Amino acid sequence: MKRVLPGFGLSLGFTLVYLSLLVLLPLSGLVFKSSALSLGQFWDIATGERALASYRVSFGASLLAALINAFFGLIVAWVLVRYSFPGKRFVDSLVDLPFALPTAVAGITLATLYADTGWIGRHLDPLGLKVAFTPLGIVVALTFIGLPFVVRTLQPVIEDIEPEVEEAAATLGATRWQTFRRVLLPGILPALLTGFTLAFSRAIGEYGSVIFIAGNMPLISEITPLLIISKLEQYDVIGATALACVMLAISFLLLLAVNGLQWWAANRHRGKEGALS
Amino acid sequence: MSHVVARRANTEPRWLRLTLTAVGLGFLFLFLAVPLVAVLFQGFAKGWRAYLDGLAHPDALHAIGLTMFIAAVALPFNIAFGVAASWAVSKFDFRGKSLLITLIDLPFAISPVVAGLIFLLIFGAQGLFGPWLAEHDVKIVFALPGMIIVTLFVTFPFVARELIPLMQAQGKDEEEAAVSLGASGWQMFFRVTLPNIRWGLLYGVILANARAMGEFGAVSVVSGHIRGETNTLPLHVEIVYNEYNVVGAFAAASVLALLALVTLALKTLVEWKMRQEIREQRAELPPERTE
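Residue indices begin from 1 for each chain and proceed along its sequence in written order. The naming scheme follows written order: chains are lettered A onward, ligands numbered 1 onward. Two thresholds apply to this predicted model, a pLDDT of at least 70 for residue-level local features and 80 or more for giving and counting side-chain atom pairs, whereas whole-chain, interface and lining totals are computed over all residues. Working from all heavy atoms in the structure, the side-chain values ignore hydrogens and water.

Draft legend 1. Highlighting the overall build of chain A. Secondary structure summary: chain A contains 13 helices and 0 strands in total. A principal-axis box enclosing the C-alpha atoms of chain A has dimensions of 70 × 65 × 35 Å. Note on exposure labels: buried denotes an accessible area under 20% of the residue type's maximum, exposed denotes more than 50%, and partly exposed covers the range between, all computed with a 1.4 Å probe on protein chains only. A burial count over chain A gives 54% of its 277 residues as buried. Note on contacts: a residue pair qualifies if any of its non-hydrogen atoms lie within 4.5 Å across the two residues. Once local pairs closer than 6 in sequence are excluded, the contacts in chain A between residues at least 24 apart make up 75%. All accessible-area figures derive from a Shrake-Rupley calculation using a 1.4 Å probe, and residue coverage is judged against the displayed protein chains alone. Accessible surface computed for chain A: about 12,900 Å², of which carbon and sulfur atoms make up 68%. Secondary structure follows DSSP: runs of H or I at least 4 residues long count as helices, runs of E at least 2 residues long count as strands, and numbering of each begins at the N terminus.

Below, the structure is given as structure tokens:
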């Protein structure tokens, strides 16, 4: 069939040129630059003591923050969709604050709040709990940054649950917990995992909100993006490039994981519709 | 009667509803409301005068101007790209389409620090084009052009990502009708497509603008951190904060927090407008086409 609408060549051509110039070529430049290193040299940099410690900090804190967000995000999404309370629309808009608030502002604010004289840190200090300038502070910052992902991924899915499904389960004698565990949770699980992975992926690369609250002690509270910056500041461009390649590979894997999860969710849905018709 | 029983079976007992609401709102209060109040409060910790002094400092004013300038230059390019990409993706079929959609999202998956670094590797002194640029006395990194380029990179997906699902859902019937009635390509675009996508487009632009003005990591790598020259407002916040000028830092930060609040308000407004428009379209459609 002949294409009726105009502009296919122009729009696709512009898209591909712009994408290549701004994203694809610069990224391949990173890989090209690191090819100046032999595999052994690359391995030595990527598995240096400080690098390994920074992966541990970045992964550990991101994982913990994403888990916190998955748990509380599920509750928040459920409450926002299913229950009504005064000021709900305002609260719903506020969920996007971490997307809208510049990371540096989040960073200095959280550092001030959780310092031992801050509004929150003041109450934690007598309990022997130090948050600011420790790895715990990194978890707090990453929880803030990742908060909207789980909520925003879950909300439409919870809205789409058909009440008949729950009614059927209840009619068949399931308790509310059994209905949730056996009927509702499997339906929202792909979205929960997608939100978790998005929050985790954002947390791994996050820089601005973390550096103010982290304390940035090498081997203890130094995240990988900060290690890249400190290598750059010491004019170790090659070292920074090697670590950036590691991070880029992780980003790709996480992007693939998100795509896979979305494909899983879409196909499940299609399977269900097929069974019904 | 049975309906009432079923309704009741569809929700949690009252005590659990209250507990979940308290836990959810408590979490949001601690992680969102308290920080938001704290930003605005800290700037005023030493009174109005100190706040205004922090804000009216020439470096702060310059940083505000530079931040707005960078966003104003970067956004039109990404708007043009977003519209072109979503036109190609949503109105035509071609091979590799889903790969293209994934690649458009790529900048979101990449750490801001890595985003800054890749342009340093191209345009920096030791970079691919470094020697050539030095020879011709062109400065890109540690100068304004580099800061604009990384801003383009980090805000790259926003507009396309809003428009693609919207335009896919709208289909191409209206545009095809316009063309078969003799409209030229641009007439069709400005009279049919643009009015249909205006709220989605605005939504993408609002989010892209917030990111462009607030970006820290990527811009930090390619900015020379030269006061009064290559400091954007987020970078200014960092420098002043690291000098233990807490009031000055929060005075500058409060401007960015205000920007975030305006962004959230506009975003909510546009979402409301979009929902309203969808309802109106549904109402206009003949009944057999509503589903």
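Draft legend 2. Summary view of the pattern of salt bridges. The term salt bridge refers to a side-chain nitrogen of Lys or Arg lying within 4 Å of a carboxyl oxygen of Asp or Glu. Counted according to the given criterion, the structure contains 18 salt bridges over all chains. We note a salt bridge from Arg82 of chain A to Glu166 of chain A, for which the minimum N-O separation is 2.9 Å. Of this pair, Arg82 of chain A sits in helix α3 (residues 49-82) while Glu166 of chain A sits in helix α9 (residues 163-171), and the two are 84 residues apart along the sequence. Residue Arg82 of chain A is classed as partly exposed on the basis of its relative accessible area, which comes to 27%. Where Arg227 of chain B meets Glu243 of chain B, a salt bridge forms, and the shortest distance between an N and an O atom there is 2.2 Å. With Arg227 of chain B in the loop between α12 (217-222) and α13 (233-242) and Glu243 of chain B in the loop between α13 and α14 (246-284), the pair connects residues that are 16 residues apart, well separated along the chain.

Draft legend 3. Local environment of a nonpolar patch on the surface. All names here are of chain B. Together, Leu258, Val262, Leu266, Leu269 and Trp272 make up an exposed nonpolar region whose accessible area comes to about 460 Å². Tracing the backbone shows Leu266 in helix α14. According to the relative accessible area criterion, Leu266 is partly exposed, its value standing at 38%. What makes a patch is a set of residues exposed beyond 30% relative accessible area and free of salt bridges, joined within 9 Å when like-charged and within 5 Å when nonpolar (Val, Leu, Ile, Met, Phe, Trp, Tyr).

Draft legend 4. Structural detail: helix α6 (residues 103-114) of chain A. All names here are of chain A. Taking 1.5 Å per residue, 12 residues should reach 16 Å; α6 reaches 16 Å between its end C-alpha atoms and fits that length. When you tally the buried positions in α6, you get 12 out of 12 residues, the bulk of the element. For α6, every residue scored as buried is listed here: Thr103, Ala104, Val105, Ala106, Gly107, Ile108, Thr109, Leu110, Ala111, Thr112, Leu113 and Tyr114. Each helix should span, by expectation, one fewer than its residue count multiplied by 1.5 Å.

Draft legend 5. Just the nonpolar core, in detail. Leu30, Tyr114, Leu154 and Ile228 of chain A together with Leu117 of chain B are the most contacted members of the largest nonpolar core, which has 173 residues in total. Among all residues touching Leu154 of chain A, those that are not within four sequence positions of it are Gly73, Leu74, Ala77, Ile188, Ala191 and Leu192 of chain A. Take the buried residues of types Ala, Val, Leu, Ile, Met, Phe, Trp, Tyr and Cys, join any two whose side-chain atoms come within 4.5 Å, and each joined set is a nonpolar core. Trp199, Tyr203, Leu207 and Met274 of chain B belong to the second largest nonpolar core, which has 9 residues in total.

Draft legend 6. Examining a negative patch on the surface more closely. On the surface, a cluster of negative charge is made up of Glu159, Asp160, Glu162 and Glu164 of chain A. Its place among the elements puts Glu164 of chain A in helix α9. Residues scored as charged are limited to Lys and Arg (positive) and Asp and Glu (negative), so that His and the chain ends carry no count. Taken as the charge location is NZ of Lys, CZ of Arg, CG of Asp or CD of Glu.

Draft legend 7. Summary view of the environment of Glu135 of chain B. Residues and elements named next belong to chain B. Here Glu135 shows up in helix α7 (residues 130-135). Given a relative accessible area of 66%, Glu135 falls into the exposed group. Residues Glu135 and Val179, 44 residues apart in the sequence, show an inter-C-alpha distance of 51 Å.

Draft legend 8. A look at the packing of α3 of chain A against helix α12 (residues 224-233) of chain A. Note on geometry: axes are C-alpha line fits, over the in-contact stretch for helices, and angles between N-to-C directions span 0 to 180 degrees. Relative to each other, α3 of chain A and α12 of chain A sit at 145 degrees, their axes nearing to 8 Å. Taking contact as the criterion, the partners of Arg50, Ala51, Ser54, Tyr55 and Ser58 of chain A in α3 of chain A are, on α12 of chain A, Thr224, Pro225, Leu227 and Ser230 of chain A.

Draft legend 9. Structural view of the interface of chain B and chain A. In this complex, chain B contributes 89 residues to the contact, which on the side of chain A involves 83 residues. Our count for the chain B to chain A interface comes out at 2 salt bridges. Residues Glu12 of chain B and Arg176 of chain A are paired through a salt bridge, measuring 2.8 Å at the closest nitrogen-oxygen approach. Pairs of N or O atoms within 3.5 Å make up the polar contacts considered here, provided that, within protein, one atom can donate a hydrogen while the other can accept it, and that residues adjacent in sequence are counted only when both atoms are side-chain atoms. Counting every contact that joins chain B to chain A gives 11 residue pairs in polar contact (both at pLDDT 80 or more).

Draft legend 10. Broad picture of the side chain of Thr67 of chain B. Residues and elements named next belong to chain B. Structurally, Thr67 can be placed in helix α4 (residues 58-91). Only 2.8 Å separates the side chain of Thr67 from the backbone nitrogen of Leu233, close enough to count as a polar contact. Apart from the residues lying within four places of it in its own chain, the contact partners of Thr67 are Met213, Thr232, Leu233 and Pro234.

Draft legend 11. Inspection of the packing of α6 of chain A against helix α2 (residues 14-43) of chain B at higher detail. In contact at an axis separation of 9 Å, α6 of chain A and α2 of chain B are set at 95 degrees when each is read in the N-to-C sense. When the axis of α6 of chain A is compared with that of α2 of chain B, the two are roughly perpendicular. Two secondary-structure elements touch here, α6 of chain A through Val105, Thr109, Leu110, Thr112, Leu113 and Tyr114 of chain A and α2 of chain B through Leu30, Val34, Pro35, Ala38, Val39 and Gln42 of chain B. For this classification, the nonpolar set comprises Ala, Val, Leu, Ile, Met, Phe, Trp, Tyr, Cys and Pro, the charged set comprises Asp, Glu, Lys and Arg, and every other residue, Gly included, is treated as polar. Here the contact of α6 of chain A with α2 of chain B is composed, by residue class, of 9 nonpolar, 3 polar and no charged. Roughly parallel refers to an angle under 35 degrees, roughly antiparallel to one over 145, roughly perpendicular to one between 65 and 115, and oblique to any angle outside these ranges.

Draft legend 12. Broad picture of the confidence of the model for chain B. On average, residues of chain B score 90 in pLDDT, and 95% of them reach the 70 mark or higher. Predicted complex, confidence summary: ipTM 0.90, pTM 0.92. Known as pLDDT, the predictor's confidence for each residue is given on a scale from 0 to 100.

Draft legend 13. Local environment of α2 of chain B. Over its 30 residues, α2 of chain B runs 42 Å from end to end, which matches the ideal 44 Å to within 8%, given 1.5 Å per residue. Fitting axes to the seven residues that end at a residue and to the seven that start at it, the angle between those axes gives the bend at that residue. The largest bend along α2 of chain B measures about 40 degrees and falls at Phe29 of chain B.

Draft legend 14. Representation of the environment of Gly224 of chain B. Residue and element names in this part refer to chain B. For Gly224, the position within the fold is in the loop between α12 and α13. The exposure class of Gly224 is partly exposed, given its relative accessible area of 30%. C-alpha separation for the pair Gly224 and Phe142, spaced 82 residues apart in sequence, amounts to 4.1 Å. Excluding its chain neighbours within four sequence positions, the residues that come into contact with Gly224 are Phe142 and Thr230.

Draft legend 15. Fine view of the side chain of Asp105 of chain B. Residues and elements named next belong to chain B. Looking at where Asp105 falls in the secondary structure, it is placed in helix α5 (residues 97-109). In this structure the side chain of Asp105 is engaged in a polar contact, spanning 3.1 Å, whose partner is the side chain of Arg161. Sequence-distant contacts of Asp105, that is, excluding residues within four places in its chain, are made with Pro157 and Arg161.

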